[in-house]
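Commentary on secondary and tertiary structure
What follows is the residue order along each chain.
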Amino acid sequence: MLKFPKDFAWGAATSGPQSEGNFHKPNQNVFDYWYEKDPDAFYDGVGPDTASNFYNDYKKDIPLMAKAGIRSLRTSIQWTRLMADVDKGIVDEDGVEFYNNVIDCLLDNGIEPYINLFHFDLPIDLYKKYGGWESKHVTDLFADYAEKCFELFGSKVKNWFTFNEPKVILDGEYLYQFHYPLKVDGPAAVQVAYNINLASAKAVARFKKWRKENNSDAKIGTILNLTPAYPATNDPEDVAAAEFATLWDDNMYLDPAVKGHFPEKLVKILDDANVLFDSTPEELKIIADNTIDVLGVNFYHPERVMRPSVSPDSLQDWMPDIYFDNYEMPGRVMNVDKGWEIYPKTLYDIAINIRDNYGNLPWFVSENGMGVSHEERYLDDKGVVQDDYRIKFIKDHLTELHRGIEAGSNCHGFFVWTGIDCWSWKNAYRNRYGLIRNDIHTQTKTIKKSGQWYAKLSENNGF
Ligand code: BG6
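Residues numbered from 1 in each chain as written. Predicted model: local features only at pLDDT ≥ 70, side-chain atom pairs only at ≥ 80, totals over all residues.

Focus: the overall build of the protein chain
Within the protein chain, the secondary structure is distributed over 15 helices and 17 strands. Buried positions account for 51% of the 463 residues belonging to the protein chain. A separation of at least 24 residues holds for 76% of the contacts in the protein chain among residues at least 6 apart in sequence. (Helix = DSSP H or I, 4+ residues; strand = E, 2+ residues; numbered from the N terminus. Buried ≥ 20, exposed ≤ 12 C-beta atoms within 10 Å, placed from the backbone. Contact = placed C-beta atoms within 7 Å.)

Structural notes on the sheet that holds strand 1 (residues 9-13)
With respect to topology, 8 strands assemble into a closed barrel ordered 1-2-5-6-7-9-14-15, the strand pairing being parallel. For this sheet, the mean angle separating the axes of adjacent strands, direction not counted, is 25°. In this structure, strand 6 (residues 159-164) lies alongside strand 7 (residues 219-225), joined through 4 bridges in parallel fashion. Its bridge partner being in strand 7, Asn164 is matched across the sheet by Ile223. In the packing of helix 14 (residues 388-406) onto the sheet, the strands contacted are strand 14 (363-367) and strand 15 (411-417), and the crossing angle to strand 15 comes to about 165°. (Pairing = 2+ DSSP bridges. Axes fitted to C-alpha atoms, helices over the stretch in contact; angles between N-to-C directions.)

Quick notes on the nonpolar core
What tends to happen in soluble globular proteins is that the nonpolar side chains get buried as a cluster. Ranked by size, the top nonpolar core spans 134 residues in total, and within it Ala146 and Val305 carry the most contacts. Considering every element that reaches this core, the biggest residue donor is helix 9 (residues 186-213), with 12 residues. Ignoring sequence-local partners within four residues, the contact set of Ala146 consists of Leu117, Thr162, Ala203, Arg206 and Phe207. (Core = buried A, V, L, I, M, F, W, Y, C linked by C-beta atoms within 7 Å.)

Let's talk about the sheet that holds strand 8 (residues 229-231)
The mixed open sheet is built from 3 strands, whose spatial order is 8-10-11. In this open sheet, the two edge strands, each paired with only one partner strand, are strand 8 and strand 11 (325-326). Along the sheet, helix 10 (residues 236-259) makes contact with strand 8 and strand 10 (303-306), crossing strand 8 at roughly 175°.

With respect to unusual backbone geometry
The linkage connecting Tyr180 with the following residue, Pro181, adopts the cis geometry, with an omega of 15°. Here Pro181 shows up in the loop between helix 8 (166-175) and helix 9. Along the chain, Trp417 connects to Thr418 via a cis peptide bond; the corresponding omega equals 15°. With respect to the helices and strands, Thr418 occurs in the loop between strand 15 and strand 16 (436-439). The residue Asn360 is not glycine, and still its phi comes out positive at about 50°. Even without a glycine there, the phi angle at His374 is positive, about 50°. When you line up the elements, His374 lands in the loop between strand 14 and helix 14.

Let's talk about helix 5 (residues 93-108)
Taking 1.5 Å as the rise per residue, helix 5 with 16 residues should run 22 Å; its terminal C-alpha atoms sit 22 Å apart, in good agreement. Along helix 5, the residues classified as buried are Gly95, Phe98, Tyr99, Val102, Ile103 and Leu106. On an axial view of helix 5, the arc spanned by its buried residues comes to 125°, and they lie on one face. Opposite the buried face of helix 5, by more than 90 degrees, sit the exposed residues Glu93, Glu97, Asn101, Asp104 and Asp108. Those residues of helix 5 that are buried are in contact with helix 3 (54-67), strand 2 (72-76), helix 4 (79-82), strand 4 (90-91), strand 5 (112-116) and helix 7 (136-153). Gly110 sits one or two positions beyond helix 5 and adopts a positive phi of about 70°. (Expected span 1.5 Å × (residues − 1). Arc of directions from axis to C-beta.)

So, the packing of helix 10 against helix 11 (residues 264-272)
As a packed pair, helix 10 and helix 11 sit with axes 10 Å apart at the nearest point and diverge in direction by 110°. Regarding the angle of helix 10 to helix 11, the classification is roughly perpendicular. The hand of the helix 10/helix 11 crossing is left-handed. Here Phe244, Leu247, Trp248, Asn251 and Met252 of helix 10 lie close against helix 11, whose contacting residues are Lys265, Leu266 and Ile269. In the contact of helix 10 with helix 11, the residues fall into 6 nonpolar, 1 polar and 1 charged. (Parallel < 35°, antiparallel > 145°, perpendicular 65-115°, else oblique. Left-handed = near helix turned anticlockwise from the far one by under 90°. Nonpolar A, V, L, I, M, F, W, Y, C, P; charged D, E, K, R; others polar.)

Considerations on the site of the ligand
What surrounds the ligand is a group of 15 residues, the closest being Glu165, Gly371, Ser424, Asn427 and Asn431. Here the residues of the shell around the ligand are counted per class, giving 3 nonpolar, 9 polar and 3 charged. (Near = placed C-beta within 6 Å.)

Observations regarding the pairing of strand 17 (residues 444-447)
Judged by which residues are buried, strand 17 turns out to be one-sided: Lys445 and Ile447 face inward and are buried, whereas Thr444 and Thr446, on the alternate face, are not. The sheet contact formed by strand 16 and strand 17 spans 4 bridges and is antiparallel. When the bridges of strand 17 are listed, Ile436 appears paired with Ile447. What sits between strand 16 and strand 17 in their antiparallel hairpin is a turn of 4 residues, with Gln443 showing a positive phi close to 55°.

Observations concerning the environment of Leu2
Checked against the element boundaries, Leu2 lands in the segment before strand 1. Here Leu2 falls in the partly exposed class, since 16 other C-beta atoms lie within 10 Å of it. The sequence separation of Leu2 and Lys395 amounts to 393 residues, and the corresponding C-alpha distance is 10.0 Å. The contacts of Leu2, once residues within four sequence positions are left out, are Leu398, Thr399, His402, Gly462 and Phe463.

Describing the environment of Val239
For Val239, the location among the structural elements is in helix 10. Its 15 C-beta neighbours within 10 Å are what place Val239 among the partly exposed residues. For the pair Val239 and Met306, spaced 67 residues apart in sequence, the C-alpha to C-alpha distance is 7.6 Å.

Spelled out as structure tokens, the structure:
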């Protein structure tokens, strides 16, 4: 039996925009806006309007999650629900009441709330007015919003997070056109990465001030999808490609958040290419002074890369692709539905990297899970999804995580993505990840076989 450390947090993760639905929301975020403009951009034309109906169903959903062994829930506050006016920072009373009720309901059900402040859901007004994360003004507005959240909910929430997966904001919105505004602009992506790091540090600064004034023992962190890049071969060109990919995808966020500065090698590469972000000494000091207490790591699949096939000179505009190509390793194990490689050992490698290169910072797995389409294929005659594949996926990842913990890595929790099947951006309900099935036509929610298994896992603190 693999036993996990005492007080290990067995959780699940979701986000406000993916679970709540839009009910009574005073503002639109980029996804609400994009869906209204172009519903066909979303799988099966299903948008964020109903999601898994958590706004109306939280009183039923939360006890159901508790039944599936979920002892901590990571979700996010929607900026566009909490604020009546996102620009002036005026709160919406219905939004405040809703989040207060959710947090109370979680605590009443013995579930620890882990609250994230930004999960891809930029208020569209801040995009239209200021250019979203391209604008430094938005970093101040974000810090104001974050501070409001600490003031409103800080007495009950012990675990705060600033951002979920900044890398996906760059990839989706500025490089590879899978999230609105569908731009292709490498230099703008570099500035956005810098601005998000700055916004996160500004929010951490507000938090630390609030924590001191309120004598709180709460913690703050950020959530990064770390997918260390493995080179295709030991050839120096492949190794250099992997080094850049890791700097670009991971260290660009991990280093400022934990060490307080950007990796020198990456800064030099960007500077040599004339695309270095605009920064001031005052901003860099905010980043240096406001590192995180705890790190959330989302992990689904490894990244494998090789030397780039394009020559830098053939490209007119700078893109990170000039330094590496993706590599499909022959014989790799795939989650065919999702198109992602399954390679649990990366979780061990991440654990060791944090132990050795990031001061053995406290961390936890803030997302890990298996997306499968058409899960109705696996329903038994009692209406329970027999998702043995998901149990195996989680077990295999936990085995590698356990190895990392045994080797001394300071990991204190595992959050499966997700509790109840939820809506996912462009993919809508294409891939189901939940421990609990959600029939989106009837909003009927039923614990899957994996949820029954997770309940035992969390009760036994191991398997
Ligand atoms: C993570 C995100 O990257 O992946 C989640 O934080 C997302 O918001 C999850 O839902 C799974 O992605 P997808 O597109 O397969 O649903």
